[in-house]
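# Survey of secondary and tertiary structure
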Amino acid sequence: MLVICACRFPTAFRLLSQPRRPSTCAVTLPSYWAAMGKRKVSATASPDSVNENEPVQTDESEAEQAKHAPTKKRGRQKAPEPPVLPKYEVSMRPSRYEGPAVRVLSWNVASLRSLLTKNPAAMKQVVEAEDADVVCLQETKLQDKAVEQMEALMGLTGWHHAWNCSTAKKGYSGTAIISKSKPVSIQHGMGRDEHDQEGRLITAEYPHLYVVNAYVPNSGDGLKRLDYRLQQWDVHFAEYLQQLAAKKPVVLTGDLNCCHQDIDIHAPKRNLKSAGFTQEERDSFSKLLIGGGFTDVWRHQYPEVTGYTYWNYRMNARTNNKGWRLDYFLVSEPLLAQVHDCFHLQDILGSDHCPVGLVLKTQAEV
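Quick summary incoming for the structure in this document. (Residues numbered from 1 in each chain as written. Predicted model: local features only at pLDDT ≥ 70, side-chain atom pairs only at ≥ 80, totals over all residues. Heavy atoms only, no water.)

### What about the overall build of the protein chain?
Counting its regular elements, the protein chain contains nine helices and 14 strands. Expressed as a percentage of its 366 residues, the buried residues of the protein chain come to 43%. Across the protein chain, contacts joining residues at least 24 apart in sequence account for 70% of those joining residues at least 6 apart. (Helix = DSSP H or I, 4+ residues; strand = E, 2+ residues; numbered from the N terminus. Buried < 20%, exposed > 50% of the residue type's maximum accessible area, 1.4 Å probe, protein only. Contact = heavy atoms within 4.5 Å.)

This is the structure:
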């Protein structure tokens, strides 16, 4: 208890002894909201202080508050990462087919002389390992006078060799078909002078099918040959294939210089203007080859698997598996049901491309 001496603190004693008066400036919470034309009920307000005849304003919902809240600047959001697809491995191949079959190998050797100089047994080893019946080569870069020497180096004794060498430029392009059995006929090019000077196409006819080996022109740096490819080569090549398919089933193989789908290249967004992956080239592939009744056999067999056949020599592209799928087997409709296996031999070195192969079940050998 506090005792104040009136004799020593007269002023304080006088103030304390007076009765307390309500403050004239104090405003109670309900009267304040009533003056503003609305009333807000505090969570701690007594139920007795609420007048049921007055409109009651409840707290704003979170959605309403969000409308009036200052918006925050959002940074550029990252696109969702694409799903990680399985990578092709040789172990994915089906078991070996032991019945009658046609086994075709195809390889862009990027200079046959260079390949055999580095490893003279390279060709023979892969041919024997796969028990191939037909071997198709692209980018041989040979002249006619060097063919005999290369045949000896390959060591495929007794095989039938057919070559189409470039006459437009030395050490450039070139294709070949080498087979155990002798073809019924061989055709060099497609019968058009504007396309047939670079040795890019050779066709072997066998009793039951055609094997067409192509090294399709690259659209080049700056896409300088894109118009030629789209408006001339692709159109005339598709017509040539249709002429053959009207006679016998067709196997088309080779370096077709086009990654048909996004899944066929390691960095699709960065290569939209690169030769071999322009939208125009891919649309042409779809329209003239796939739309012409041919099936991309490897993609048909592995619809959601990444597998490449070409890797640039720079930046350790092959080691890091940053590649392109440029090498194909396409078959006309009658042969699709006979496909047993379509494969990549990505561990075979010697070129910036790897060999690819096809196994067709058949009632007769090539």
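### Digging into the side chain of Q138
Assignment of secondary structure puts Q138 in strand β4 (residues 134–138). A polar side-chain atom of Q138 sits 2.9 Å from a polar atom in the side chain of S106. One polar contact links Q138 to N213, side chain to side chain, over a distance of 2.8 Å. (Polar contact = N/O pair within 3.5 Å; in protein donor to acceptor, adjacent residues only side chain to side chain.)

### Overview of the pattern of salt bridges
Under the criterion given, the structure shown has 18 salt bridges. Its salt-bridge partner being K141, residue E139 comes within 3.7 Å of it at the nearest N-O pair. One salt bridge in this structure joins E198 and R225, with 3.4 Å as the shortest N-O distance. Of this pair, E198 sits in the loop between β7 (185–188) and β8 (201–205) while R225 sits in the loop between β9 (210–215) and α7 (226–245), and the two are 27 residues apart along the sequence. Owing to a relative accessible area of 22%, R225 belongs among the partly exposed residues under this scheme. Residues joined by salt bridges that share partners form a network here, namely R96, E98, D131, D133 and K180. (Salt bridge = Lys/Arg side-chain N within 4 Å of Asp/Glu carboxyl O.)

### Overview of the nonpolar core
Ranked by internal contacts, the top residues of the largest apolar core, which has 53 residues, are L112, M123, V127, L137, M154, W163 and L358. Broken down by element, the residue count for this core peaks at five residues, all from strand β3 (residues 101–108). If sequence neighbours within four positions are ignored, L112 has contacts with M123, L137, E139, T140, L142, M150, M154 and W163. Residues M190, A214, V250 and L252 belong to the second largest nonpolar core, which totals 21 residues. (Core = buried A, V, L, I, M, F, W, Y, C linked by side-chain atoms within 4.5 Å.)

### Remarks on unusual backbone geometry
One non-glycine residue, D131, adopts positive backbone phi at about 50°. Secondary-structure assignment places D131 in the loop between α5 (122–130) and β4. Taking relative accessible area as the criterion, D131 reaches 33% and is therefore assigned partly exposed. At N257, a position not held by glycine, the phi torsion is positive, near 50°. Given a relative accessible area of 6%, N257 falls into the buried group.

### Topic: α5
Here α5 has its buried residues at A122, M123, V126, V127 and E130. Buried residues of α5, viewed axially, fall in a sector of 120°; they line one side. Pointing more than 90 degrees away from the buried face of α5 are the exposed residues E128 and A129. Elements that come into contact with the buried residues of α5 comprise β3, α4 (112–118), β4, α6 (147–154) and β13 (339–344). One or two residues past the end of α5 sits D131, with phi positive at roughly 50°. (Arc of directions from axis to C-beta.)

### Side note on the sheet that holds β4
Read across the sheet, six strands follow the order β5-β6-β4-β3-β14-β13 without closing on themselves; strand pairing throughout is mixed. Either end of the sheet is taken by a strand with one partner, and the two such strands are β5 (160–164) and β13. Strand-to-strand, the axes of this sheet are offset by a mean angle of 10°, without reference to chain direction. The pairing of β3 with strand β14 (residues 356–361) spans six bridges and is antiparallel. Looking across to β14, one finds that S106 is bridged to V356. (Pairing = 2+ DSSP bridges. Axes fitted to C-alpha atoms, helices over the stretch in contact; angles between N-to-C directions.)

### Structural notes on the sheet that holds β7
Read across the sheet, six strands follow the order β7-β8-β9-β10-β12-β11 without closing on themselves; strand pairing throughout is mixed. Either end of the sheet is taken by a strand with one partner, and the two such strands are β7 and β11 (294–296). In this sheet, adjacent strand axes meet at a mean angle of 20° when their direction is disregarded. Direction of pairing for β7 relative to β8: antiparallel, over a ladder of four bridges. Opposite H188, over in β8, you have I202 as the bridge partner. On top of the sheet, helix α8 (residues 279–290) reaches β10 (250–255), β11 and β12 (327–332); it is set at about 30° to β12, its chief contact.

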